[in-house]
Every structure is written in structure tokens, then in C-alpha cells.
Amino acid sequence: MTNLDRRDFLKQAAGAVGAAKAGPWNTPGAVQPAPDAEQSAAAAHAEKKAPSPHGFAFPRSFEADQLQMIAFPLGGVAAGSVCLGGRGQLRDWEIFNRPNQGYRPRYAFASIWAQRGADKPVARILESRILPPYEGPSGLGADNVPGMSRLEAAIFTGAYPLAQIRFKDSTLPVAVELEAFSPFIPHDPDESGLPVAILHYRVTNHGAASAKVGIAYSLENPILSDKSGPDGDKRRNQVRQASKLHGVSMDNPAISAVDPMQGTIALAALNTPGASISCWPGWPQGKWWTPPLLFWDRFSANGDLGAEPDPHNEVGVVCMQQTIAPGQTASFRFLLGWHFANRTPDWCGWAAPKGHGSDIIGNYYATRFPDAWQAIEYTADHLESLESRTRAFTDALCDSTVPAEVKDAATANLSTLASTTCFRTADGEFHGFEGSGKTTGCCFGNCLHVWNYETVTPHLFPSFARSLRRSAFGYSMEDNGAMHFRQLLPDGIERSGNAAADGQMGQIVHAWLDWKLSGDTAWLRELWPRIRKAVEFAWIKDGWDPHRDGVLEGVQHNTYDVEFYGPNPMCSIYYLGALRAAADMANAVGDSNAAHQYRSLYEKGRTWIDDNLFNGEYYVQQIRGFRKDQISPGLVGGMGADDTEHPQFQVGEGCLIDQLVGQYLVDVAGMGALVDPDRIRKTLDSIHRYNAKQSMAHWENAARTYAVNGEAAVVICDYARAERPRVPFPYFSEAWTGLEYTFAALLIRWGMPEQGLVCVRNTRARFDGARRNPWNEVEAGNHYVRAMASWSVFVAMSGFLYCGDCAEVTAAPPTAEAIFNCFWATATGWGTYTLDKSGGSTRFTLHVLAGALPCRLFKLNAPEPKATASLNGKSLPGRAERNNELLVLHLNQPLTLAAGEHLQIETAA
């Protein structure tokens, strides 16, 4: 999607509306919308740019009943969000320092007025028509004027961070579309973390006469606090102007200065040549429904606002009016910003040390701007750069020769970073719940055994990844190496809970991944003493590996919120990954004794696991009981077995989807097989055979339900081959998207890409807008972090690996396209690469779009034995050789590619 513009983005999916309705495990065709002149050309473009051989297209488009559940987060990463609904409405205003699902101000809507020539003007609420159900104690009520005329239909197209809506209405004399986004720029968390949403309406006049058009945005000041009592409603709206903006700022001086609801909101239009902008601080004051009626009387008559009403209420309005010549398109840009500095643990649902629940931990964005108006003014001043850099990322990703379902899954779950699941405290540190509840976060503490699954932060926001590592290896870790898997805030006062085996092993692997993607050995050396303690904590008396034999055989708390008793593949293979990673890191920092010890343990553990846990089809658990005096303190939570000698809540001989999670994580940086490679493949084939359900209609699940009826899903554990424990572990019968993506990434890495793609396709088909929100994958809360494992699927399909410590680039996509183009990201930079085999030889081109990429060694899946390299057209000396199926090129001298540079390698027979 090179040079993607606003129209092209929308048109790409015009020929694939409804593709999200693809059925389970089959390949139906896409449903085509009724074509018009504009769409006909768009369909051809879509066919070329977004192929969907399995009925799946990207970007995905939704219409009719598929608009019902859509809530597309707008807002900066870790800065709160407002969601764009499928009809064009703003919903789920979660900007007040905590989740607020379902909340919206009583009035928050855009309206449009249009008059072509001397024709009678038409005024509508600038949303498509309200969808069922229409019931309520007062029908649909009066909030947001549901009884006012809306536009006939809409098509919503989304590829996070960009959303577009094409409105349709046979009575409106102009065509209208909306593009909405917030800046999202990999490796720039500050510019990606603006508390701002940008709403860009584009109005096209297809008629023969000029059209006068006005768009007004009405917003009630929602800044109220339950703590302020009856005297707390002194909401204040003020009309403000800046060099590029004209709008309304909102506050409430009656709210306490330390109240989490103390803050400001700003709504403004971006000044546009030839446009007139008018603002009201509020609608005309009145009883009953007089205020919206009087606003509508004025706006529907003239398409503008006129003189400010006096007195007025708290519903501010910003209106822009323009005259559009025949055949021309005009832009109407609105910026919505917020600023609420007083985040506290109690308010957002994060556990705190005793007596510190009301401490203000703050928001980082609030340290950059004094109020919401300054935030939108900054955005307006830098909008061109912010937008172009955002588009550079979306263009690179959307243009990737990666299957549509993979791009859809990867981008959809990036939106979790902008949800209330994630935030940055005033000190700049990054934090995350597991997910978001209705009004509080769900499961606090950067929960290690959940956050371990995501690979977004190491690639796209490495400073966030390092912040998570500072938490895990910092105060959350005791001096003996026990890593408490949930962090309290404020940090550094008390620790929470216990150590989790999978959480701790995963963090060791993540530290290795951060190092591999950056090559920053100085950072690693500083962290190394803490990493070593974390590894060797496993060896404590009555701990996880008290015999130091490379197998976790003790009592292991884990992501299923219970303890597994005895050797099991999930935790033990994770441990193998941690040992291999630690040995690698030990060698890098010169700790040869530790490296030797860890590698030796790894070899022993690998052999034992293959010999004792593999049953011929997959790996199983050996359940062992322990007396309570045989379990080291700090290893057990409160939700597992009461009888530790005969423990309930075990896996036993079931086929666990997560048994190779350690392999999944080390694959992201290309470590290689942790256990026998043939058994890895056999295990994946068995999980696919047993756990992948064509339909959930006859699957028995007494627990939480995330897939239902005829939907296809991969369940967590299947006991078709073995007797199920009478009381198995709690979530065995559920289906989690994060684990489905983990499984899919493994399938792709280990030679079964089509099965992996079917898994992703079926998962995303469940999120079709009618049944579920495509931009909210739920587990224990909305916008659940584990689902960001979908990024690993993209990385697997990209075939791109980077080893920063040895400046090694690998490009070996698991596909057979003659021309393969793909986005890549490391911890140092990001860009695109192309592998072109269409001309009888292979040409590899590496572009750096941002940051830098140190490199010296290249491994390509090219069949030729010879190669030459050049940088920006200038020859680079080096030597080529073959290594198994890969062509390896060693440059004579290391180099660092800067942004804007490109390296090319051409092969020869």
C-alpha cells in the first residue's frame, strides 16, 4: 500500500465488505457491496492490494449489523482513549484515569448541514442510523438525541491506528467520510502517547453547483466528581483560539485539586483557509429538552451557530462551515484532547502498599502539557509530521506481503496499548493491567505470566519493554531472586503475592530478547547480576528445581492461577528457554562459569523431558504430591490445591495448548529447538488434531465462554487421549485468543504455516463486529494483554530475525511469493525489506525508515551461491557462502544503516 492516502485506505477494502463473516475452517468468498462509480474502481484496487484467497481481507470493512459492536480506541498509547463506534459515534470515554466502558457524555455528536446551490438544505446527525435493540425504560431516551435524523448507512474500515467510515445517504447532497486516528509511531512513545483524538471529515461535492457545508461537534462537559457533593457542579466551558485552532476548553473548578476527576477537556477545529469557524460555550439554557431543540433550530437553518447564547448550558459546540466547488473535496478537522493528572492506585484498581492507595502516581502525558488545550495545540502545530510518521508505519505494515488475517490480528491488538489496560506514571514508567474491567483495571501489576506472551513492546516500543524489565528485576524481585509476579504502586514500598515459575522464566527470556533485538550489552551487563539471581532462585531448597537437574519438578504457580505439582512441559520447557538464554547472556558479559553451568543444566533437562514427558504424541505432566513442609514459602498462591499431597487442578496427561510456550518465546529471536525438533512438530500436530475444534457447539465447558455455538476455536486442554483428572485445572475447557496466537506462531515457525493461518483466520472471524468488537479481545477483562501475542504471528510470517549483538539479519519468509515485501522492527529501528526472486536471481533490499540498524552478516533464503552488496548504490566488499538452505553474506566491515538509507544484495549462480 505504497503512498497510501485517505481514499485509497478506504477503497482497499471496498471489494471485501463482510469478509469478516468467513465461516470456520473453510474459505467462503467475500460479500460484495452494491457498486457505484467510485466503488467500482475501488474494487479493482482492493483485489490487487488486499488479496483474500480465504475470504479474508485487510483492511477489514464492516457494515449493517456488523457495526453494532465496533469500538475502535482513539488516544495515545498509555494515555487513555475514546472509542469510535461503528456508526461514527464516540463511545466508551475512558479518559478519566480508569476504565469506563459504556460511558459517554449525555451529548457528544457531530452534525452536518449541506446545501447545494439554491436547493433546500439538509441537516443530519453525522452518524449512521441507530441499530437495534430499541428498548429501554424510556425507549431510547433523549441522550444524544436518538430521535434526530441520521444518515442511512455506513461502511467502517479499520487497520489500527487508522479508522475510516464512509457514510451513505440518498438525501444528502454531498458525500462524507471520516478518518480518525491518534499518532502511533514505533520507537517514539512520547509522540505516540498524546492524549488526543483526530477526527478528519472529508466532504466531496459531486454535483454541478457549489455546496455550502457545515459540520458542528457538540460535547457536554463531563467533568464531574462523586466526591464533590451537590456543590461540585460548576462546570465551565470557555471559547479559545490559537494560531491553528478555534474551539472550547472545559473544566470544573469545584472539583478538588487532588481528585482523579480534576482535569480538562478541549474540543477544537483546525483552522482551514476559506472556512469559517464559530463556537458556543454551551447550548441555550432551558428546561426539558429545550437546549438541543434550540441548537438544532439554529444549526439546521443556516449550518452555523451565530451569536453565543446567554445564558447557556454545559454542551459546548464547535462548528466549521465551507463552500465546496463542484467536483472538489473539503476537509473538516476536529481535535479532541484530555488531561487528567491525578491517577491514584485505588481509583484505577491497582493494588497499593497499605496506606498508599490515594497517592497520586500521575500520568506521564500530564507532565508534558499543563492542560488539554495545550495538548491539542501541540498536536495541531506538529500534525503534519505526526500524521506522516504514523502513515509511514501503517503504509509499511499494510503493504507487507503477509496474509490479511495476520495483519488484521497484529494491528487489532496494538490498540490495547491505547486502552486503559496500559498507562505511564508521571515518572515515565510503563505499567499494565492484564485487562480492563467496566470501571476498574482487571488484575493489576504488570502480571508477569500474562505480559510474557506479548512481543509488541520489544519490537515497537522497546523503552516500554525495558520499563517492564526494571519492574520485574527491580524491587519486585527479592534479594534471593524470587520475582513477585505482580507489582504494587507506588513501587519500592511493599511486594505483592508470590513468585510464578512461568512468569519468572519468561522474564529471563524477555531480558534476552530485549538484548538480542538491541545488541546493547552495556545494558545487559548492568542487569546481569539480577538475571543470575532470578535463574538460580529455581535451585533453592524445596523450590522449583531443588536437585539442579534442569527440570522444574517442585510446586509451580503459573498463568492458570493455580500451582502445577511435579514436572510439566509448560513450566519446564520455559525453564529450558531461560537456561539457554541465561547461558547466552552469561557468555556475552564474560561470566563463563555461569554460562557453562546453565548450558549443562539445559542439556540434562532437555534429555530428561524428552525421555520422560513425551508420550509419543505430546508432552504430559507427572503429578507429584508434596507435604506442605516440603514447599518453600512464597511459591503458592491462594487459588490452587488445598491438599498438596493429592493436588487437584492439574493438567495430568491432557494435551495442553501451552506446553511449548517457552519454545514460542525463544523463537521470536531464533534461538532454535529447546527439545527434540521432531517432537516439537509432532506435539504441534497433536494439538492441532485434539484441541482445534471445528465447532464449539458440542464442546462441554463449565467455565468462562469465549467461543460458542458453531464458532471454531482452539481449546486450552483436551483429554480425548487420556482420562481427565476429576478436578482439572480451572480454565482447561476455555479458548483464549492469546494462546491461539501463540499456537499459530509455533505452527508457522515449525513448518505448518497453513494450519497456523487457519487458526488465526478462525480466531479473527469471531470478531466480526456483530458478535464481538474487532478491536477488543477479551480474557480476564477487555483489551487483554495476552492477545498481543498476535504480533508474534506477524513476526513469524515476516521471516525477519535480528541478532543485535552480532549485527546479524535473517530474511527467510515461510512463503513462496516471487516478490515478498514486509515490515520489520528491532529495538534500534524499523523499516521494510523486499526479497525479489522474480528475475531468475534473488534481490534483497533493506530500507530503514526510522532509527538505525547495525549490521554485518546477512542470511537469506536464496538458492544462489554468490552475492554482492551495495549501500545506497555504492558497492560493499564481502564474501558469500551457503549454510544449509540459506545464503550467508559477510560484509568485510560492520555498518549502521541510518533512516533513509537502503542496502541491496544481489545474488548470482
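Residues numbered from 1 in each chain as written. Predicted model: local features only at pLDDT ≥ 70, side-chain atom pairs only at ≥ 80, totals over all residues. Heavy atoms only, no water.

**Topic: the overall build of the protein chain**
Then, in step 1: Helices and strands together make up the secondary structure of the protein chain, namely 20 helices and 41 strands.
Then, in step 2: Against the 2.2 N^0.38 benchmark of 29 Å for 909 residues, the protein chain shows a C-alpha radius of gyration of 28 Å, consistent with a compact globule.
Then, in step 3: Overall size of the protein chain, expressed as C-alpha extent along the three principal axes, is 85 × 70 × 55 Å.
Then, in step 4: Split into buried and exposed, the 909 residues of the protein chain put 63% on the buried side.
Then, in step 5: For the protein chain, the proportion of contacts with a sequence separation of at least 24, taken over those separated by at least 6, is 70%.
Then, in step 6: Carbon and sulfur atoms make up 49% of the accessible area of the protein chain, which amounts to about 30,900 Å² in all. (Helix = DSSP H or I, 4+ residues; strand = E, 2+ residues; numbered from the N terminus. Rg over C-alpha atoms; globule rule 2.2 N^0.38 Å. Buried < 20%, exposed > 50% of the residue type's maximum accessible area, 1.4 Å probe, protein only. Contact = heavy atoms within 4.5 Å. Areas by Shrake-Rupley, 256 points an atom, 1.4 Å probe, with all protein chains shown as cover.)

**Topic: the layout of surface pockets**
Which parts of space are left empty comes out when a probe the size of a water molecule is rolled across the atoms.
Then, in step 1: Quantified by volume, the largest pocket comes out at close to 720 Å³.
Then, in step 2: The wall of the largest pocket is formed by 30 residues, among which Asp667, Gly670, Gly672, Arg749 and Leu801 lie closest to the centre.
Then, in step 3: Of all the elements in the fold, those that place two or more residues in the lining of the largest pocket are helix 12 (501–518), helix 14 (569–589), helix 17 (677–690), helix 18 (737–749), strand 32 (800–803) and strand 33 (808–811).
Then, in step 4: Take the lining of the largest pocket: its biggest share by element is 4 residues, from helix 14.
Then, in step 5: By residue class, the composition of the lining of the largest pocket is 16 nonpolar, 6 polar and 8 charged. (1 Å grid on protein atoms, 1.4 Å probe; cavity = no way out; pocket = protein on both sides within 12 Å on 5 of 7 lines; lining within 4 Å. Points joined across faces, edges and corners; volume = space filled by probe spheres on them. Nonpolar A, V, L, I, M, F, W, Y, C, P; charged D, E, K, R; others polar.)

**So, the pairing of strand 5 (residues 108–116)**
Then, in step 1: Most of strand 5 sits out of view: 7 of its 9 residues are buried.
Then, in step 2: Bridge analysis of strand 5 against strand 13 (residues 211–220) gives 9 bridges, and the strand direction is antiparallel. Pairing of Gln115 across the sheet is with Lys212, part of strand 13.
Then, in step 3: In this structure, strand 5 lies alongside strand 6 (residues 122–128), joined through 4 bridges in antiparallel fashion. Note on strand 6: the bridge partner recorded for Ile112 is Arg124.
Then, in step 4: Taking the residues that link successive antiparallel strands as the turn, the strand 5-strand 6 hairpin has 5 residues, and the phi of Gly117 there is positive, at about 55°. (Pairing = 2+ DSSP bridges.)

**Observations concerning the packing of aromatic side chains**
Geometry of an aromatic ring pair is reported as the spacing of the ring centres plus the angle between the planes.
Then, in step 1: Counted according to the given criterion, the structure contains 53 aromatic pairs.
Then, in step 2: Their ring planes at 85° and their centres at 5.2 Å tell us that Phe537 and Trp544 sit as a pair that is edge-to-face. This pair shows no difference in class: Phe537 is buried, exactly as Trp544 is. (Phe/Tyr/Trp six-rings, centres within 6.5 Å; stacked < 30°, edge-to-face > 60°.)

**Structural notes on the confidence of the model for the protein chain**
Then, in step 1: Mean pLDDT for the protein chain: 93, with 94% of residues reaching 70 or above.
Then, in step 2: For residues 1–51, every residue scores under 50 in pLDDT, and the model assigns this stretch 121 contacts once sequence neighbours within four places are set aside. (pLDDT = per-residue confidence, 0-100.)

**Points about the pattern of salt bridges**
Then, in step 1: Inspection of the entire model under this criterion finds 47 salt bridges.
Then, in step 2: In this structure, Arg236 and Asp251 form a salt bridge, with 2.5 Å as the shortest nitrogen-oxygen distance. Here Asp251 lies in strand 15 (residues 245–251) and Arg236 lies in strand 14 (residues 236–241), a separation of 15 residues in the sequence.
Then, in step 3: Where Glu603 meets Arg599, a salt bridge forms, and the shortest distance between an N and an O atom there is 3.2 Å. Of this pair, Glu603 and Arg599 both sit in helix 15 (residues 592–612), separated by 4 residues, roughly a single helical turn.
Then, in step 4: The partly exposed category is assigned to Glu603, whose relative accessible area is 34%. (Salt bridge = Lys/Arg side-chain N within 4 Å of Asp/Glu carboxyl O.)

**With respect to the sheet that holds strand 5**
Then, in step 1: Spatial ordering of the open sheet is given by 8-6-5-13-18-17, a layout of 6 strands whose pairing is mixed. The open sheet is flanked by strand 8 (150–151) and strand 17 (276–280), the only strands paired with a single partner.
Then, in step 2: Bridge count between strand 13 and strand 18 (residues 315–324): 10 bridges; the pairing is antiparallel. Bridge pairing in strand 18 links Lys212 to Thr323.
Then, in step 3: With respect to the sheet, helix 3 (residues 290–302) is in contact with strand 5, strand 6, strand 13, strand 17 and strand 18, its orientation differing from that of strand 5 by roughly 30°. (Axes fitted to C-alpha atoms, helices over the stretch in contact; angles between N-to-C directions.)

**Some words on the nonpolar core**
Then, in step 1: Tyr201, Tyr560, Phe729 and Phe844 are the most contacted members of the largest nonpolar core, which has 232 residues in total.
Then, in step 2: Ranked by residues supplied to this core, first place goes to helix 14 with 14 residues.
Then, in step 3: When near neighbours in sequence (up to four residues on either side) are disregarded, Tyr201 contacts Ala110, Leu126, Val176, Glu177, Leu178, Ile215, Tyr217, Ala330, Ser331, Phe332 and Phe334.
Then, in step 4: Of all hydrophobic cores here, the second largest spans 20 residues; its members include Leu194, Ala266, Ala372 and Leu386. (Core = buried A, V, L, I, M, F, W, Y, C linked by side-chain atoms within 4.5 Å.)

**Quick notes on the sheet that holds strand 4 (residues 90–94)**
Then, in step 1: Strand order across the open sheet formed by 3 strands is 2-3-4, with antiparallel pairing between neighbours. Two strands close off the open sheet at either side, each with one partner strand: strand 2 (71–74) and strand 4. Across the sheet, the mean angle separating the axes of adjacent strands is 25° when strand polarity is ignored.
Then, in step 2: As judged from the 3 bridges shared by strand 3 (residues 81–85) and strand 4, these two strands associate in the antiparallel manner. Note on strand 4: the bridge partner recorded for Cys83 is Arg91.

**Here's the deal with the packing of helix 12 against helix 13 (residues 521–536)**
Then, in step 1: As a packed pair, helix 12 and helix 13 sit with axes 11 Å apart at the nearest point and diverge in direction by 165°. One finds that helix 12 runs roughly antiparallel with respect to helix 13. Both helix 12 and helix 13 take part in a crossing whose hand is left-handed. Contacts from Gln504, Ile508, Ala511, Asp514 and Trp515 in helix 12 reach Thr521, Trp523, Leu524, Leu527, Ile531, Ala534 and Val535 in helix 13.
Then, in step 2: Residue composition of the contact of helix 12 with helix 13, by class: 9 nonpolar, 2 polar and 1 charged. (Parallel < 35°, antiparallel > 145°, perpendicular 65-115°, else oblique. Left-handed = near helix turned anticlockwise from the far one by under 90°.)

**What about unusual backbone geometry?**
Then, in step 1: Here Pro132 and Pro133 are connected by a cis peptide whose omega angle stands at 5°.
Then, in step 2: Counting through the fold element by element, Pro133 comes out in the loop between strand 6 and strand 7 (137–140).
Then, in step 3: Each neighbour pair has its own omega, and for Asp310 with Pro311 the value is 5°, a cis peptide bond.
Then, in step 4: Tracing the backbone shows Pro311 in the loop between helix 3 and strand 18.
Then, in step 5: A positive phi angle, close to 40°, is found at Val145, a residue other than glycine.
Then, in step 6: Structurally, Val145 can be placed in the loop between strand 7 and strand 8.
Then, in step 7: With phi around 50°, Arg548 is a residue other than glycine that occupies positive phi space.
Then, in step 8: Its relative accessible area of 42% is what places Arg548 among the partly exposed residues.

**Re the packing of helix 18 against helix 20 (residues 790–798)**
Then, in step 1: In contact at an axis separation of 8 Å, helix 18 and helix 20 are set at 10° when each is read in the N-to-C sense. Between helix 18 and helix 20, the angle falls in the class roughly parallel. Contacts from Tyr741, Ala744, Ala745, Ile748 and Arg749 of helix 18 reach helix 20 at Ser790, Ser792, Val793, Val795, Ala796 and Met797.
Then, in step 2: Split by residue class, the contact of helix 18 with helix 20 holds 8 nonpolar, 2 polar and 1 charged.

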